[in-house]
Amino acid sequence: MPELPDRPDLDQLRRQARELLRAAISGQPDAVARLRAVSDRVMLSTAQLALAREYGFANWAALRIETRRRRRPATLDERWSFGGATAVSAAAGILAPAALRFGPGFATLDAVLTPAEDTSPAVSFAEAMETMAAYVKSQFADVTVVDDRDAKYALLATGRSVPPRADPEWVRLRLDPVPPRGCAWFELRTTAGSVSRLVPAVHRTVRAGVPMPIPGDPADEAPLPIEPTDGPSLVFDLAADLPPVDGALLRLDTVVSAQEEWFLHLRARPGWWVYSADGRTKRTVVSATAEDDLGTRYLGAFGGSANHDSYEEAAVRFQPRLDPLARSVRFTFRGTAEQVTVDLRVDRFSA
C-alpha cells in the first residue's frame, strides 16, 4: 500500500486518477485490475475510489479531506475532530457522542450519557468515592472503538458525577491508545450490537472583525427558547486566530452542537482567567455571546478549562441548542474595554 506524503498535492492526486482511468480505457491490464478491485464501471469516480483505497482511505472524499488537512499550516498544538455519530446502547446506558477531539498525545470523546437504571445506585458520596476508580475503569468495558484500518481502541471514562445520577449527563472519555493521524473514520461498537460511525468534522473558515471599543454596557438578554431535536451533533473545525482583545489572544478550535446545548472550544493566551491583585477573585478574560442569522440569541458561560505552559484551553457553553435551521452565527467576544466579532457559517451543506 503506498504512503500518502506528509504534504500531498490534491491536483497531483486528481491527475493520478485521470491517468489511471485513461490507462484502463486503453486496456492496460494492471489499470483494469485496479479499477475492477472496486467496481466494474470504468469511469473517473471509479478511478478516484481505487486510488483512495490504495492509499488506505474508504473513499475519495476521505482522501480529499485528509489531503487538505495536511496542507494546512501545521503547529505543535494542532487540533482536529470527528463527529456526526448517532447514539449507541451500552451497558452504562445510552451514549450519544458529541465530538471526538484530537491533539498531540490526546484523543477525547465528549458525549451525553443517559444512564441505565441499574447503573445508578443510590449510594452516599463516601461510598461512591470508594468505588469510583473501579467503576470508571469498567464503565465502558463493553464498548470498542475501531478505525478504518481495523485498529481497535479502548474507551475509558475519566470521571463521573459523584454520587452517580440517573439523569443525562456530560461525560468525557479517552481513547487508549491515541490513534495515529490520517484515519478516515471511527466506529463505536458495543457487545450488544450497536454501531455508530464518527466522520471527519467539516472545516470552516471564520471572518473576524477588528477590535472595537465596547459601546456602553449592554445588558444580558435572555435567549429565545428552541425545542431540542434528536440526531447527530454538528461538529466544525476552525483553527482560527483572532486579533488581541484587551491583550488576550484567542484561538478558536472546534464548534460542537449537541442535544440541548453547544460548545465552542478555544485556547487563550496567556490564560482564560484574570485575577484580582489580591488573588481572591477572578473573571474570564472575555465574555462571549452569539446570535444566529434567524435572530436567536445565545448566552455563553464557562464550560471547563485546562492549564498548559503558555496557554489555557477552555470551552464556552452556549444555550439553548444551536438552531438546526441556522446558516450562520456571529460571536461577540468582550473584554473590559474592547470587543471583536467573528462570523461563522454553520449550515451543514455549504463548504
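Let us look at the structure shown here. (Residues numbered from 1 in each chain as written. Predicted model: local features only at pLDDT ≥ 70, side-chain atom pairs only at ≥ 80, totals over all residues. Heavy atoms only, no water.)

Attention now moves to the packing of aromatic side chains. Inspection of the entire model under this criterion finds twelve aromatic pairs. Aromatic side chains Trp170 and Phe263 sit 5.0 Å apart centroid to centroid with 85° between the ring planes, which places their arrangement in the edge-to-face category. Linking Trp170 in strand E7 (residues 169-176) with Phe263 in strand E15 (residues 261-269), this pair joins segments that are 93 residues apart in sequence. Taking the relative accessible area as the measure of exposure, Phe263 reaches 10% and is therefore buried. One aromatic cluster is present, built from ring pairs that chain together Trp80, Phe82, Phe102, Tyr153 and Phe186. Over the aromatic face of Tyr311 sits the side chain of Arg267, whose NZ or CZ is 5.9 Å from the ring centroid. (Phe/Tyr/Trp six-rings, centres within 6.5 Å; stacked < 30°, edge-to-face > 60°. Helix = DSSP H or I, 4+ residues; strand = E, 2+ residues; numbered from the N terminus. Buried < 20%, exposed > 50% of the residue type's maximum accessible area, 1.4 Å probe, protein only. Lys NZ or Arg CZ within 6 Å of the ring centre and 35° of its normal.)

A few words now on the side chain of Glu261. Tracing the chain through its elements places Glu261 in strand E15. A polar side-chain atom of Glu261 sits 2.5 Å from a polar atom in the side chain of Arg317. Separated by 3.5 Å, the side chains of Glu261 and Gln319 make a polar contact. In this view, Glu261 contacts Trp170, Arg317, Phe318, Gln319, Pro320 and Arg321; residues no more than four positions away in its chain are not counted. (Polar contact = N/O pair within 3.5 Å; in protein donor to acceptor, adjacent residues only side chain to side chain. Contact = heavy atoms within 4.5 Å.)

Our next topic: the pairing of strand E22 (residues 338-345). A regular strand places its side chains on the two faces of the sheet in alternate fashion. Two strands pair when backbone bridges link them, and strand E11 (residues 206-208) and E22 are joined in this way by three bridges, in the antiparallel orientation. Note on E22: the bridge partner recorded for Arg207 is Asp343. In the sheet, strand E12 (residues 212-213) pairs with E22 via two bridges, with the strands oriented antiparallel. If you follow Met212 over to E22, its bridge partner there is Gln339. Pairing analysis gives seven bridges linking strand E21 (residues 328-334) to E22, with the strands arranged antiparallel. Residue pairing in the sheet places Phe333 in a bridge with Val340 of E22. Hairpin remark: E21 followed by E22, antiparallel, with three residues in the connecting loop. (Pairing = 2+ DSSP bridges.)

With that out of the way, let us pick up the packing of helix H1 (residues 10-25) against helix H3 (residues 44-54). Their axes nearest at 8 Å, the elements H1 and H3 cross at an angle of 120°. Judged by the angle between their axes, H1 and H3 are oblique. In this structure, H1 crosses over H3, and the sense of that crossing is right-handed. Contacts between H1 and H3 involve Leu13, Gln16, Ala17, Arg18, Leu20 and Leu21 on the former and, on the latter, Leu44, Ala47, Gln48, Ala50 and Leu51. Across the contact of H1 with H3, the residue classes break down as eight nonpolar, two polar and one charged. (Axes fitted to C-alpha atoms, helices over the stretch in contact; angles between N-to-C directions. Parallel < 35°, antiparallel > 145°, perpendicular 65-115°, else oblique. Left-handed = near helix turned anticlockwise from the far one by under 90°. Nonpolar A, V, L, I, M, F, W, Y, C, P; charged D, E, K, R; others polar.)

If charged atoms from side chains of opposite charge come close, those side chains can pair. Applying the stated criterion to the full structure yields twelve salt bridges. The partner of Arg317 in a salt bridge is Glu261, with the nearest N and O atoms 2.5 Å apart. With a gap of 56 residues between them, Arg317 in strand E20 (residues 312-319) and Glu261 in strand E15 connect regions that are remote in the sequence. Residue Arg317 is classed as partly exposed on the basis of its relative accessible area of 29%. The class for Glu261 is buried, based on a relative accessible area of 9%. (Salt bridge = Lys/Arg side-chain N within 4 Å of Asp/Glu carboxyl O.)

With that settled, consider H3. Within an α-helix, residues lying three or four positions from one another point in the same direction, as the helix has 3.6 residues per turn. Of all the residues in H3, the buried ones are Thr46, Ala47, Gln48, Ala50, Leu51 and Ala52. Count one or two residues on from H3 and you reach Gly56, which has phi positive near 95°.

On to the nonpolar core. One finds Trp262, Leu264, Leu266, Trp272, Phe318, Phe331 and Phe333 to be the most contacted residues of the largest nonpolar core, which totals 32 residues. Secondary structure elements with two or more residues in this core: strand E13 (234-241), strand E14 (249-258), E15, strand E18 (287-292), E20, E21 and E22. If you tally residues by element for this core, the top one is E15, at four residues. Excluding residues within four positions of it along the chain, Phe331 makes contact with Val255, Trp262, Leu264, Thr289, Ala290, Phe318, Val340, Thr341, Val342 and Leu344. Core analysis: the second largest hydrophobic core is formed by 26 residues, Phe140, Cys183, Phe186 and Leu188 among them. (Core = buried A, V, L, I, M, F, W, Y, C linked by side-chain atoms within 4.5 Å.)

Moving on to the environment of Leu198. Tracing the backbone shows Leu198 in strand E9 (residues 195-200). On the accessibility criterion, Leu198 (1% relative accessible area) is buried. Residues Leu198 and Thr86, spaced 112 residues apart in sequence, show a C-alpha to C-alpha distance of 8.5 Å.

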